[in-house]
Amino acid sequence: MASLWSKISAVLPASEADFPLQFSDTVQQSVVEVLKWCRRQLYSGATSPGQAALNAQIVLDVSWEKLNMGTWRHVDKEWRRVYSYGCLFKVAALCHEDPLVERLLQAVRTCDLGLLMGAAIMDDILQVIVRILQSEIRRSGEEEHQRDRAEVKRIKTESPHIPEIKDECAVPRIKCPSLETFKTSFLIPLRPVILEGIIDHWPALNKHPWSVEYLRSVAGCRTVPVEVGSRYTDENWSQTLLTVDEFIDKYILKKDGGNVSGYLAQHQLFEQVPELKEDIRLPDYCCLGERDEDEVTVNAWFGPGGTVSPLHQDPQHNFLAQVVGSKYIRLYSPEDTDRLYPHQSQLLHNTSQVEVESPDFERFPEFAVAPYLECVLWPGDVLFIPVRHWHYVRSLELSFSVSFWWS
């Protein structure tokens, strides 16, 4: 059986001369020289893996500082590429000799940081390498996972409190409408609707239904961004990086006994973990958009019951597909924006100041007369949220949703 290093070296360029290291003048020559040094060490084999890892870390430290200066949209892509190369060289150093599981997991985390913070390099080589690494990791502790399954079963059997939906406020439902019906009845007039039966063919719902155990097996060792706190408008809200396994242990199973909420929210998990992308499909109705289908933004929303997305609006249409669990959703028309009291700051101008389910009518009196629609979204349901429609979302139980933002 081929060694791990032979598998990784097989996807690297055949020689140092074939290994590209070209950057714009944005990147200082001193940094480029360190990168070239790392490349030379990779192919000469004359440097110990420990020293090679230290040299790669120099690149990562310098580029990390550049990535964290100012706002993310102003970060020069060249520094994101430098960061990805630093990750690549560090992974090579970690895997050059047959590593223990701990070093394998460190290598996977390094690949993920490159995928999350860096830019694609060399035909997305970090994605190729992380697949090789995942295939090498043998999951252990089956007895512990048996206990996990029992705990997840207990969570699932605890019946959530389902809000009563008033008939006059209920979001309409329609089963598998034609493209023309959806366009004329809902898309053009910007009317919210729940589409039934349009994702029943997803493998995530039938071939291998998504569960905590399945997500562990496919993505357990992958590092993802997690929102910590009940909602992003709270002062104590923060973000952190955890593996999917760590997120499940801490915020789904609550093994440490904590009561802080954690939410894997608005993350392009399916680009990071293609195995999960194979379990879903783009809704056919996205073809009615003005842009190409490959410009649809697909995000994952995974968390325990009680996670909340405050009342807010987005600049694109949204298909919110429910795969696991249920969610309560409230919708308001953009015509009633003034009654919803958006934050005045530029950062939160698309978010309401009102606590939807416990409003302060003394501070926000007009909110009491703002008309709304509401629904409970069940597995297999897809909610169409028209552009700029205000929406509030609360998970009623362990939940996994997939959103498709399109124009």
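Draft legend 1. Focus on the packing of aromatic side chains. By the definition in use, this model includes 23 aromatic pairs. On the basis of an interplanar angle of 40° and a centroid distance of 5.7 Å, the ring pair of phenylalanine 182 and phenylalanine 319 is categorised as tilted. With phenylalanine 182 in helix H8 (residues 179-187) and phenylalanine 319 in strand S8 (residues 317-324), the pair connects residues that are 137 residues apart, well separated along the chain. Of the residues examined, phenylalanine 182 reaches a relative accessible area of 0% and is grouped as buried. Residue phenylalanine 319 is classed as buried on the basis of its relative accessible area, which comes to 0%. Here the aromatic residues Phe182, Phe186, Tyr285, Phe319, Phe384 and Trp406 are joined through ring pairs into a cluster of three or more. Between the NZ or CZ atom of arginine 330 and the centre of the ring of tyrosine 372, over which it lies, the distance is 4.1 Å.

Draft legend 2. Examining the sheet that holds strand S12 (residues 390-395) more closely. If you trace the four strands from one edge of the open sheet to the other, you get S7-S12-S9-S10, paired in antiparallel fashion. The sheet is open, and its two edges are formed by strand S7 (308-312) and strand S10 (373-377), each paired on a single side. Taking each pair of neighbouring strands and ignoring which way they run, the sheet shows an average axis angle of 15°. Bridge count for strand S9 (residues 327-332) against S12 is six bridges, and the pairing is antiparallel. Within S12, the position partnered with isoleucine 329 by the bridge is valine 393.

Draft legend 3. Molecular detail of the state of the cysteines. For the coordinates displayed, the defined rule picks out zero disulfides. Just so you know, cysteine 221 is unpaired, no disulfide at all, and the nearest cysteine sulfur is the one on cysteine 111, 10 Å from it.

Draft legend 4. Highlighting helix H2 (residues 29-44). Between its first and last C-alpha atoms H2 spans 22 Å; for 16 residues at 1.5 Å apiece the expected length is 22 Å, and the two agree. Taken together, the buried positions of H2 are occupied by Val31, Val32, Val34, Leu35, Cys38, Arg39, Gln41 and Leu42. Just beyond H2, the residue with positive phi is glycine 45, at close to 70°.

Draft legend 5. Layout of the confidence of the model for the chain. Across the chain, the average pLDDT comes to 92, with 94% of residues at 70 or higher. Every residue in residues 139-143 scores below 50 in pLDDT, and together they form six contacts with partners more than four places removed in sequence or on other chains.

Draft legend 6. Structural view of the nonpolar core. Judged by nonpolar contacts, the single largest core of 48 residues is most densely connected at Phe182, Trp210, Phe319, Phe400 and Val402. Residues within four places of tryptophan 210 in sequence aside, it is in contact with Ala204, Phe270, Leu276, Asp279, Ile280, Val323, Val324, Phe400 and Val402. Within the second largest apolar cluster, 46 residues are counted, among which are Ile8, Val34, Phe89 and Ile125.

Draft legend 7. Structural view of the environment of threonine 181. Following the sequence through the fold, threonine 181 ends up in helix H8. The contact partners of threonine 181, leaving out residues within four places of it in the chain, are Ile174 and Phe186.

Draft legend 8. Spotlight on the pattern of salt bridges. Considering all chains together, one arrives at 13 salt bridges under this definition. Its salt-bridge partner being aspartate 249, residue arginine 216 comes within 2.6 Å of it at the nearest N-O pair. With arginine 216 in helix H9 (residues 212-219) and aspartate 249 in helix H10 (residues 244-252), the pair connects residues that are 33 residues apart, well separated along the chain. Residue arginine 216 is classed as buried on the basis of its relative accessible area, which comes to 6%. Residue aspartate 249 is classed as partly exposed on the basis of its relative accessible area, which comes to 22%. The shortest N-O distance in the salt bridge between glutamate 271 and lysine 277 comes to 3.0 Å. Judged by relative accessible area, glutamate 271 falls into the partly exposed class, the value being 48%. Salt bridges linked by common partners bring Arg216, Asp245, Asp249 and Lys255 together as one network.

Draft legend 9. Examining the pairing of S9 more closely. In terms of residue burial, S9 counts as a mostly covered element, since six of its six residues are buried. For S9 and S10, the ladder comprises five bridges, and the chain directions are antiparallel. Opposite isoleucine 329, over in S10, you have cysteine 375 as the bridge partner.

Draft legend 10. Quick peek at the packing of helix H5 (residues 101-117) against helix H6 (residues 125-136). One way to put it is that H5 packs onto H6 with a least axis distance of 10 Å and a crossing angle of 155°. Put simply, H5 runs roughly antiparallel to H6. The interaxial crossing formed by H5 with H6 has left-handed handedness. Packed against H5, whose contacting residues are Leu104, Ala107, Val108, Cys111, Gly114 and Leu115, the element H6 presents Leu126, Gln127, Ile129, Val130, Leu133 and Glu136 at the interface. Looking at side-chain class alone, the contact of H5 with H6 contains nine nonpolar, two polar and one charged residues.

Conventions and cut-offs
Residues numbered from 1 in each chain as written. Predicted model: local features only at pLDDT ≥ 70, side-chain atom pairs only at ≥ 80, totals over all residues. Heavy atoms only, no water. Phe/Tyr/Trp six-rings, centres within 6.5 Å; stacked < 30°, edge-to-face > 60°. Helix = DSSP H or I, 4+ residues; strand = E, 2+ residues; numbered from the N terminus. Buried < 20%, exposed > 50% of the residue type's maximum accessible area, 1.4 Å probe, protein only. Lys NZ or Arg CZ within 6 Å of the ring centre and 35° of its normal. Pairing = 2+ DSSP bridges. Axes fitted to C-alpha atoms, helices over the stretch in contact; angles between N-to-C directions. Disulfide = S-S within 2.5 Å. Expected span 1.5 Å × (residues − 1). pLDDT = per-residue confidence, 0-100. Contact = heavy atoms within 4.5 Å. Core = buried A, V, L, I, M, F, W, Y, C linked by side-chain atoms within 4.5 Å. Salt bridge = Lys/Arg side-chain N within 4 Å of Asp/Glu carboxyl O. Parallel < 35°, antiparallel > 145°, perpendicular 65-115°, else oblique. Left-handed = near helix turned anticlockwise from the far one by under 90°. Nonpolar A, V, L, I, M, F, W, Y, C, P; charged D, E, K, R; others polar.

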